[in-house]
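A look at the structure
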Protein chains: 2
Amino acid sequence: MKKSLPIRAQNVREPAGTGTLGKAIAVLDIIAASSGPLRFTDVLQLTNQPRGTLHRQISNLIEEGLLTVNRDHSYELGLRLLQFAAKAWASNRFRTIAEPHLHRLHEATGETVHLGVLRNTDVVYVDKIESRQNIRMVSQIGNTAPAWCTGVGKAALSALPDDELRARLGRISFRKFTPNTLADRQALLSEIEFIRAEGNAYDREEHETGICCVAAPIHSADRQLIAGISVTGPAYRITPDVLRSWAGITRVAAAAIMDDMATQLSPRS
Amino acid sequence: MKKSLPIRAQNVREPAGTGTLGKAIAVLDIIAASSGPLRFTDVLQLTNQPRGTLHRQISNLIEEGLLTVNRDHSYELGLRLLQFAAKAWASNRFRTIAEPHLHRLHEATGETVHLGVLRNTDVVYVDKIESRQNIRMVSQIGNTAPAWCTGVGKAALSALPDDELRARLGRISFRKFTPNTLADRQALLSEIEFIRAEGNAYDREEHETGICCVAAPIHSADRQLIAGISVTGPAYRITPDVLRSWAGITRVAAAAIMDDMATQLSPRS
DNA sequence: AACTATGTTCCATATAATGGAACTCCTATT
DNA sequence: AATAGGAGTTCCATTATATGGAACATAGTT
């Protein structure tokens, strides 16, 4: 199954647990995905692996600190993940390059600014700037949302080459989050055509009622990294006109980030 | 080497990469620990594994999204870690139980409140409440500090059974962060005696100049989970007397958290 | 243009993961 | 209090997977 890959394959859907590591992460994923705490047997059913095998996998994960077990045999993700994530966030070059531009955009608009990276068909938010920073950060950073119904996500999708775009759309299962959510692949495709022509994506309360945004796509020269930036606000305050008035500076910010990436991440620094 | 462990072994020092998973995580650790970006050969030397082996391990980590490679072949921790951490943080039961008490303590003191969990000889900060929440959250949550020179850490250490304490102290390599940093094992041991008698730990600019705190230990009934809570402030504003005046409510908060743990995490809920 | 660093692939061998079944422990029920 | 059932744990022969050495490829350097 696993062809020796050139060490470059990112943004690729893994076929659910190839290799020892893959299986271990698959277990981690199951526990991460569950809403409530899971007990051993719950995980057993979700993985349908032999009991002995699963038990050892879990033991290993616990030993590595990636998993924690409570006295009642329910499992939680381990602290080591927080440790790793703190490092991942602080040292991420894309994020650090983008950061000053996010601040500038925030100052210009006074509204919340997001930076998100496309991963499969989801957006992972990697940074966020807001005025009243009373919202818990981790509750946002690292969170994911479906790409096809968020501004950042749609912007990012629009930066994909056509074949990649089709491939990913095929993996989306559409569902309505709000009355405004795009209903199907066709609607999304024509929306993306519009975004490509326009240079901006809009979220008009498609993911959450009362929340709208303007976004612009970001990508590295070789399109390995596909991302987006957005300015978000409450619909009652941010009219469509206001939103449109920010389209330009949002595109400019995205362009500036790409520029910095080109110079700072070039082979010859 | 790896004895089939009862599925309970947390807080245990792993002997650096046992099993396939362990080795993979060890690679991740090396990349996390480095200050700058690492290239393949750098990692190769730090692990001293055969090239073929390392190459495949890295490939697997990339495939799982735990690692990312830039065009210049430097490696970064992957986004998937952020994703996992967001879940880990939001669903952590200990943290959610403690959270209201942290807020109460913050309101009573007006200063920054920390919650940290002991992991080996380090403290991992899992929550933080501060008034002006203009400091980036992830820059704190998930961060680690040496247990022996922080308030939370010393408090946590004091909750360890004596044999465990000795064992862990043996793994500490002392170094001076500030003029006030405790110099050696002996100093730390007598400090811990004091903490046990008193019920509170103090950090008097031992880790960072200008920063001091009062802390109190937290532990689960079976002492599997060892943690601490602290109130922190700038030394110029928080005199030793003020600090001492918060000792009581800090202990009370810690006790309340343990209480809630006992009821909410009991086998029979 | 040749050289050297660095990264990548291949394959026989060694090692670790697998999975079935037996065992233990806890818990719920009578 | 005894017992049955479920849940978690251990063991070990078999099988699949990771290993590591060396050959190959590529990019950067003199």
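Residues numbered from 1 in each chain as written. Chains lettered and ligands numbered in written order. Predicted model: local features only at pLDDT ≥ 70, side-chain atom pairs only at ≥ 80, totals over all residues. Heavy atoms only, no water.

Let us now look at the overall build of chain A. Assigned secondary structure in chain A consists of ten helices and nine strands. Burial analysis of chain A (269 residues in total) assigns 55% to the buried set. When the accessible surface of chain A is split by element, carbon and sulfur atoms take 52% of a total near 11,800 Å². (Helix = DSSP H or I, 4+ residues; strand = E, 2+ residues; numbered from the N terminus. Buried < 20%, exposed > 50% of the residue type's maximum accessible area, 1.4 Å probe, protein only. Areas by Shrake-Rupley, 256 points an atom, 1.4 Å probe, with all protein chains shown as cover.)

This paragraph deals with the sheet that holds strand β2 (residues 67-69) of chain A. One key point about sheets: their strands pair by backbone hydrogen bonds, in either a parallel or an antiparallel sense. Residues and elements named next belong to chain A. Across the sheet, which stays open at both edges, the three strands sit in the order β1-β3-β2 with antiparallel pairing between neighbours. The open sheet is flanked by β1 (38-39) and β2, the only strands paired with a single partner. Note that β1 and strand β3 (residues 74-77) share two bridges and pair antiparallel. Residue pairing for β3: arginine 39 is matched across the bridge by serine 74. (Pairing = 2+ DSSP bridges.)

Turning our eyes to something else, we now look at the relation of the copies chain B and chain A. Overlay of chain B on chain A (RMSD 0.1 Å): rotation 180°, translation along the axis 0.0 Å. Expressed as a symmetry operation, the mapping of one chain copy onto the other fits a two-fold axis. With an isologous cut-off of 70% or more, the 100% of interface residues of chain B that recur at the interface of chain A puts this contact in the isologous class. (Least-squares fit on C-alpha atoms with pLDDT ≥ 70 in both. Contact = heavy atoms within 4.5 Å.)

With that out of the way, let us pick up the interface of chain B and chain A. A common way to express how large an interface is: the accessible area buried when the components associate. Every contact between the two is made by 76 residues of chain B and, on the other side, 76 residues of chain A. Where chain B abuts chain A, roughly 7,100 Å² becomes buried across the two surfaces, and 60% of that area is made up of carbon and sulfur atoms. For the pair chain B and chain A, the interface holds two salt bridges. Put simply, aspartate 29 of chain A and arginine 80 of chain B hold a salt bridge, and the shortest N to O gap is 2.9 Å. At the boundary of chain B with chain A, the tally comes to ten residue pairs in polar contact (both at pLDDT 80 or more). (Buried area = accessible area lost by both parts, 1.4 Å probe. Salt bridge = Lys/Arg side-chain N within 4 Å of Asp/Glu carboxyl O. Polar contact = N/O pair within 3.5 Å; in protein donor to acceptor, adjacent residues only side chain to side chain.)

A separate point is the pattern of salt bridges. For the structure shown, the criterion picks out 26 salt bridges over all chains. One salt bridge in this structure joins glutamate 130 of chain A and lysine 128 of chain A, with 3.8 Å as the shortest N-O distance. Judged on exposure class, the residue glutamate 130 of chain A and its partner lysine 128 of chain A are both buried. Across the pair arginine 95 of chain B and aspartate 127 of chain B runs a salt bridge whose closest N-O atoms are separated by 3.0 Å. Linking arginine 95 of chain B in helix α5 (residues 93-109) with aspartate 127 of chain B in strand β5 (residues 122-129), this pair joins segments that are 32 residues apart in sequence. Residues joined by salt bridges that share partners form a network here, namely Asp29 of chain A together with Glu64 and Arg80 of chain B.

Even without a glycine there, the phi angle at glutamate 205 of chain A is positive, about 55°. By the secondary structure assignment, glutamate 205 of chain A is in the loop between β7 (201-204) and β8 (211-219). In this structure glutamate 205 of chain A comes out as partly exposed when scored by relative accessible area, which is 25%. Of note, the phi angle at arginine 223 of chain B is positive, near 60°, even though the residue is not glycine. Assignment of secondary structure puts arginine 223 of chain B in the loop between β8 (211-219) and β9 (226-234). The class of arginine 223 of chain B is partly exposed, set by a relative accessible area of 37%.

What follows is about the side chain of aspartate 203 of chain B. All names here are of chain B. With respect to the helices and strands, the residue aspartate 203 is situated in strand β7 (residues 201-204). Lacking a salt bridge, the buried aspartate 203 has lysine 154 as its closest oppositely charged neighbour, with an N-O distance of 5.8 Å. Here the side chain of aspartate 203 touches glutamate 205 through a polar contact of 3.1 Å, landing on its backbone nitrogen. When residues no more than four places from it in sequence are discounted, the contact partners of aspartate 203 are Cys149, Thr150, Gly151, Lys154, Ile211, Cys212 and Cys213. (Lys, Arg positive; Asp, Glu negative; His and termini not counted.)

All names here are of chain A. Looking at chain A, the pLDDT average stands at 86 and 88% of residues meet or exceed 70. Predicted confidence for residues 1-15 stays below pLDDT 50, and this span has 32 contacts to residues more than four positions away or in other chains. Here residues 134-139 is a poorly scored stretch, pLDDT under 50, and it has 26 contacts once near neighbours within four places are set aside; other chains count. (pLDDT = per-residue confidence, 0-100.)

Take the packing of aromatic side chains next. Residues and elements named next belong to chain A. Scanning all chains against the criterion turns up four aromatic pairs over all chains. On the numbers, 6.1 Å between centres and 45° between planes, the contact of tryptophan 148 with phenylalanine 177 is tilted. Of the two residues, tryptophan 148 sits in the loop between β6 (144-146) and α6 (151-158) while phenylalanine 177 sits in the loop between α7 (162-169) and α8 (185-198), which places them 29 residues apart along the sequence. Owing to a relative accessible area of 4%, tryptophan 148 belongs among the buried residues under this scheme. A connected cluster of aromatic rings, assembled from ring pairs, spans Trp148, Phe174 and Phe177. The side chain of arginine 95 reaches across the aromatic face of tryptophan 89, ending 3.6 Å from its centre. (Phe/Tyr/Trp six-rings, centres within 6.5 Å; stacked < 30°, edge-to-face > 60°. Lys NZ or Arg CZ within 6 Å of the ring centre and 35° of its normal.)

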